[in-house]
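# Breakdown of the fold
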Amino acid sequence: MRIAPLLALLLLTTAAPLHAGTGCAAPAAVCERAVARALPLIDARGPVSILVAEGDHPGVLRAARELRDDLSKVAGRDAALVHEPGAAGRTAIIAGTLGHSALVDRIVRERGLETGDVAGRWEAHLLQVIERPLPGIDRALLIAGGDKRGTVFGLYELSRRIGVSPWHWWADVPVARRDALHVAPGRFVDAPRVRYRGIFLNDEDPALGGWMKAKFGGPNHRFYEHVFELILRLKGNYLWPAMWGRAFHDDDPLNPKLADEYGVVIGTTHHEPMMRAHVEWERYGKGPWDYAKNAAALQRFWREGIERMNGYESVVTLGMRGDGDEPMAEDTAIGLLERIVADQRRIVADVTGRPAERTPQVWALYKEVQDYFDAGMRVPDDVTLLFADDNWGNIRRLPRLGDRPRTGGYGVYYHFDYVGGPRNYKWLNTTQIERVWEQMGLAWAYGADRLWIVNVGDLKPMEFPIAFFLDQAWNPEAMTLERLRDYPARWAAEQFGPAQAAEIGELLTRYTQYNARRKPELLSADTWSLANFDEAERVVAGWEALAGRALEVKARLPRAWHDAYFQLVEYPILASGNLNRLYVALARNRAYAAQRRASTNSWADEVQRLFARDAELQRLYEQGIAGGKWPHMMSQPRIGYTHWQQPERNVLPPLARVDVPDRGVLGVAVEGDERGWPVLLERARLPTMDPVAATSRRIVLFNRGRAPVSYTAHASQPWLKLSSTAGEVRDEQTLRVDVDWRRLPPGRHRASVFLLGGDRTEVRVDVPVHVPADLERASGFVESEGHIAIEAGHYARALAPPGLAWRTIPHLGRTLSAVVALPATAPPQEPGGDGARLEYPLWLHAPGEVEVRVTLSPSLDFRGGEGLRYAVSIDDEAPQMVAMKLDPTPGHADFRAWERAVSDSVHVAVSRHRVRAGARTLKLWRVDPGVAFQRIEVVREPLRPSYLGPPESLRR
């Protein structure tokens, strides 16, 4: 398949990593058309050969073979990998490690090449077109690494630039053919900023665990070689292997050998010290997992783990948690833990024959271990302190600015997947890259630059955030807010080409935002409101629109890309949308049963259909694409949760069914009320109407029987308009209620709608109406129904002193975006005066007391304080300080607030204010760093309940 030159240019420049230059003239850029002095990689004669010294590192030779295969796929003709200059031809790719490749060292020496910014630099690599590098070779692209992985990364960098996605195997992304490719002259040098960058395969049953057993027989080297290659192609270098009943070293001794050969650094999880998997204690341990009672046995066990490292590149986890990733006993003394670490380091030194500080080590401050650190426990300076998030993407603690640097540095353990309270989440990606950018950018700003590791669960559903996490880790400073905005489209272009990249990027962004509003495992029939603000309808409509766009894009993609598209885009959207529809259908089934609607049973049938649809989509993923390559991979349960732990399989929720009489019986439902009318001794009432944002309301007439039922409707006032005054109801019919606003003077008014069914059912619905007297003068966000709702990004003014700026992070949060003050390293400030603030114009119809509810990303006080603070004021009143107090420690006073915040994906903080009527200015003041504002609600009257809140208010 030939791709037009412009299309190829867009694909190749877009597909370049974020830290690479773009445009065909950028140093070492690869394009279909040639710029001056460009070197052909593919031309009419085929692809160039690849020359690598046979004595280079085995991992370099492996990566060179991968590049050869990639180049062959792109060219449609075999490329050659050779080890002698005489076999290379007149043009070539020459790759090798400085100080380890005689070929490369000779070229550098004889051609006088500058390598001072590469040689000896951790994972640095150079790409440069050079003239007459060796006798018989006229021109070559030189790929030189400062160390083994530097060369490997240089080789894989070229693979990405010629159009091969790192996900070509793991997501079945095809390789587009090219008739010509050229690499531009110039010198490209790159190196990572975070030393260790990796992923953790976890919570892998039944999905990844079932798949690896079906495809490879288990967690053996045949499985892991695909993992190692992916990590390196993504420019990661670190792995915590799968550990649910699995032991990386013990299950297959070739696993660590192959990891070292590839160049992947192996560690063990936060609760698996000394390179031993947890399950190995079950297999070989003797006595209790208790150092106070069983130190000798534990030391022998740990010694075997260090002996088994065998010189392989590793990061050794220190410390100890309770058996099975549980906290240790409550009375565990810090002194005992410090003794454990000291004894472990003695074992490391004894086995390796060198000082302990020569072996990389990490102490994971996970869950209660953070409390030991806070209480004063310390480890030697060369040990990396690995801070953690709260398992829900909110970092718990970071180094303090001004702390003395540690030789071991700091890192962060982050989560895209979790098993634990308040609910497991493992099925699909629910992590917004915008939140990763904000939180990991915070980590970088505060000095956590030694190790970034992320729990990716089964790996497969998390392709998009994994790529982003490792790209950001490579160079956090290069991942600017502008790069973040462009990232989804750039990543989509790398997988699917440029033609649909912008739209696919939008699909990825939107489905992740929708899933992040509330994780699928937390959805229930009670999540989305049926009665208020059309919330359930809006949520379902959003998913349906997204699914429609996804299928339209798929129709425009070449068929070869359909399998990859199904995995990366189509399945997540269709399956997530189907699940939301299922729970809305379940809500209708239960609500309608309470109202005794005849359609109750139809909604029960719909829930069953959607439950079956979920299974069918899973079958398509596992058996219907890529030749059935992915069995079990979408088998994580997501339907039927009743507490934090998952059900064994998806469980159809209990359904309601009703006996339906033959004769028609009229029932009525009104907006804002889930009851069915008539209700004995009560009168139905619509929410207040006004000409601002509540210009119409709806009444639903429904049938409680099988036969149609007739009705008549009339209004008590001539200014109240009904969309129908008579008709017949078979299932349900919506009656729209409008007001002729021209006929109403300012003030409060009341009317009624009288409904009479053919079965003699009578229902009266009261309709309160408010016409504000000040409406003609209103400006700003105008009060309606006793509230104002504002997206934080829609401020009128963003004011900040020098050195501080307000930035809007697009898409972050449940509704639109989030606003933060940067840099996050700026010190706290007292609110007031000329301090940093966001201003929002309000129009209030009356004086009185209001509640200001600010919706925030659920960030934790990473400094170890009493909660992140901001302040609120209206007009010139003294700012009120508000603290977001959340703590993931069970039993803590703020634990329940944390549970609710992570379940809801936001924290809502409240302050109360006395206000005057008319034009007012609400101010949000920056106090502490790390606060992300999503939304503001100014509430005078009780707000009708919903999950997302009312739509944004009218702004005049």
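Residues numbered from 1 in each chain as written. Predicted model: local features only at pLDDT ≥ 70, side-chain atom pairs only at ≥ 80, totals over all residues. Heavy atoms only, no water.

An unreviewed UniProt entry annotates the chain as Glycosyl hydrolase family 115 (Putative glucuronidase) originating from Vulcaniibacterium tengchongense.

### A word on the overall build of the chain
A tally of helices and strands in the chain yields 20 helices and 39 strands. Principal-axis analysis of the C-alpha atoms gives the chain an extent of 100 × 70 × 60 Å. Surface summary for the chain: the accessible area is close to 34,800 Å², and the carbon and sulfur share equals 49%. (Helix = DSSP H or I, 4+ residues; strand = E, 2+ residues; numbered from the N terminus. Areas by Shrake-Rupley, 256 points an atom, 1.4 Å probe, with all protein chains shown as cover.)

### Overview of the sheet that holds strand 27 (residues 762–771)
An order of 20-27-26-22-24 is seen for the five strands of this open sheet, with the pairing classed as mixed. Whereas interior strands pair on both sides, the edge strands pair on one side only; in this sheet they are strand 20 (684–685) and strand 24 (726–729). As paired elements, strand 22 (residues 709–715) and strand 26 (residues 747–757) share five bridges and run antiparallel to each other. Opposite alanine 715, over in strand 26, you have valine 753 as the bridge partner. (Pairing = 2+ DSSP bridges.)

### What to know about the sheet that holds strand 9 (residues 181–183)
With antiparallel pairing, four strands are arranged side by side in an open sheet as 1-9-2-3. The two strands at the open ends of the sheet, each matched to only one other strand, are strand 1 (30–31) and strand 3 (46–47). Here two bridges tie strand 2 (residues 39–43) to strand 3, and the two strands are oriented antiparallel to one another. In the strand pairing of strand 3, isoleucine 42 is matched with proline 47. Of the strands in this sheet, strand 2, strand 3 and strand 9 are in contact with helix 2 (residues 58–75), which crosses strand 2 at around 65°. (Contact = heavy atoms within 4.5 Å. Axes fitted to C-alpha atoms, helices over the stretch in contact; angles between N-to-C directions.)

### Notes on the UniProt feature "domain: Gylcosyl hydrolase 115 C-terminal" (unreviewed entry) in the chain
The feature "domain: Gylcosyl hydrolase 115 C-terminal" (unreviewed entry), as given by UniProt, occupies residues 780–952 in the numbering adopted here. Here residues 780–952 runs as 6% helix and 44% strand, with 12 Å between its end C-alpha atoms. (UniProt positions renumbered as here; feature names shortened; annotations may be inferred.)

### Quick word on the environment of glycine 786
Its place among the elements puts glycine 786 in the loop between strand 28 (781–782) and strand 29 (787–791). Judged by relative accessible area, which is 8%, glycine 786 ranks as buried. Between the C-alpha atoms of glycine 786 and leucine 943, which are 157 residues apart in sequence, the distance is 7.9 Å. The residues contacting glycine 786, other than those within four sequence positions of it, are Val938, Val939, Arg940 and Glu941. (Buried < 20%, exposed > 50% of the residue type's maximum accessible area, 1.4 Å probe, protein only.)

### Re the environment of glycine 209
Checked against the element boundaries, glycine 209 lands in helix 5 (residues 207–216). When neighbours within four sequence positions are excluded, glycine 209 is seen to be in contact with Glu204 and Arg246.

### Regarding empty space enclosed by the protein
To find the voids left in a structure, one rolls a probe of water-molecule size over its atoms. This model, assessed by the stated rule, comprises 10 cavities of 30 Å³ or more. Taken as a whole, the largest cavity spans an internal volume of roughly 280 Å³. In terms of lining residues, the largest cavity is bounded by 20 residues, among which Trp392, Arg435, Ala516, Lys519 and Ser905 are the most central. Classifying every residue of the lining of the largest cavity gives seven nonpolar, 10 polar and three charged. Inspection of the lining of the largest cavity shows a minimum of three residues originating in each of domain 2 (196–479) and domain 5 (776–939). (1 Å grid on protein atoms, 1.4 Å probe; cavity = no way out; pocket = protein on both sides within 12 Å on 5 of 7 lines; lining within 4 Å. Points joined across faces, edges and corners; volume = space filled by probe spheres on them. Nonpolar A, V, L, I, M, F, W, Y, C, P; charged D, E, K, R; others polar. Domains from an automatic or database assignment.)

### Some remarks on the nonpolar core
The biggest cluster of nonpolar side chains holds 244 residues, and the ones touching the most others in it are Trp167 and Leu201. Ignoring any residue separated from it by four or fewer positions in sequence, one finds tryptophan 167 in contact with Asp172, Val173, Leu230, Leu234, Leu459, Glu463, Ile466, Ala467, Trp491 and Gln495. By size, the runner-up hydrophobic cluster in this structure holds 28 residues, among which are Trp677, Leu686, Leu722 and Ala751. (Core = buried A, V, L, I, M, F, W, Y, C linked by side-chain atoms within 4.5 Å.)

### What to know about the side chain of asparagine 394
For asparagine 394, the position within the fold is in the loop between strand 16 (384–388) and strand 17 (410–415). Only 2.6 Å separates the side chain of asparagine 394 from the side chain of arginine 435, close enough to count as a polar contact. What asparagine 394 contacts, discounting residues up to four positions off in sequence, is Asp389, Arg435, Gln439, Pro858, Ser859, Leu860 and Val902. (Polar contact = N/O pair within 3.5 Å; in protein donor to acceptor, adjacent residues only side chain to side chain.)

### A closer look at the packing of helix 5 against helix 6 (residues 221–233)
Contact geometry of helix 5 with helix 6 gives a least axis separation of 9 Å together with a crossing angle of 120°. Judged by residue contacts, Leu208, Trp211, Met212, Lys215 and Phe216 of helix 5 engage Arg222, Phe223 and His226 from helix 6. Across the contact of helix 5 with helix 6, the residue classes break down as five nonpolar, one polar and two charged.

### Section: the pattern of salt bridges
Counted by the stated rule, this structure contains 77 salt bridges. For glutamate 229, the salt bridge identified is with arginine 233, shortest N-O distance 2.7 Å. Pair noted here: glutamate 229 and arginine 233 are both in helix 6, with a separation of four residues, about one helical turn. Across this residue pair, the class does not change: glutamate 229 and arginine 233 are buried. The closest approach of N and O atoms between glutamate 783 and arginine 940, which form a salt bridge, is 2.8 Å. Residue glutamate 783 is found in the loop between strand 28 and strand 29, and its partner arginine 940 is found in the segment after strand 39 (933–939); the two are separated by 157 residues along the sequence. Residue classification places glutamate 783 among the buried residues on the basis of a relative accessible area of 5%. On the basis of relative accessibility, which here comes to 23%, the residue arginine 940 falls in the partly exposed class. (Salt bridge = Lys/Arg side-chain N within 4 Å of Asp/Glu carboxyl O.)

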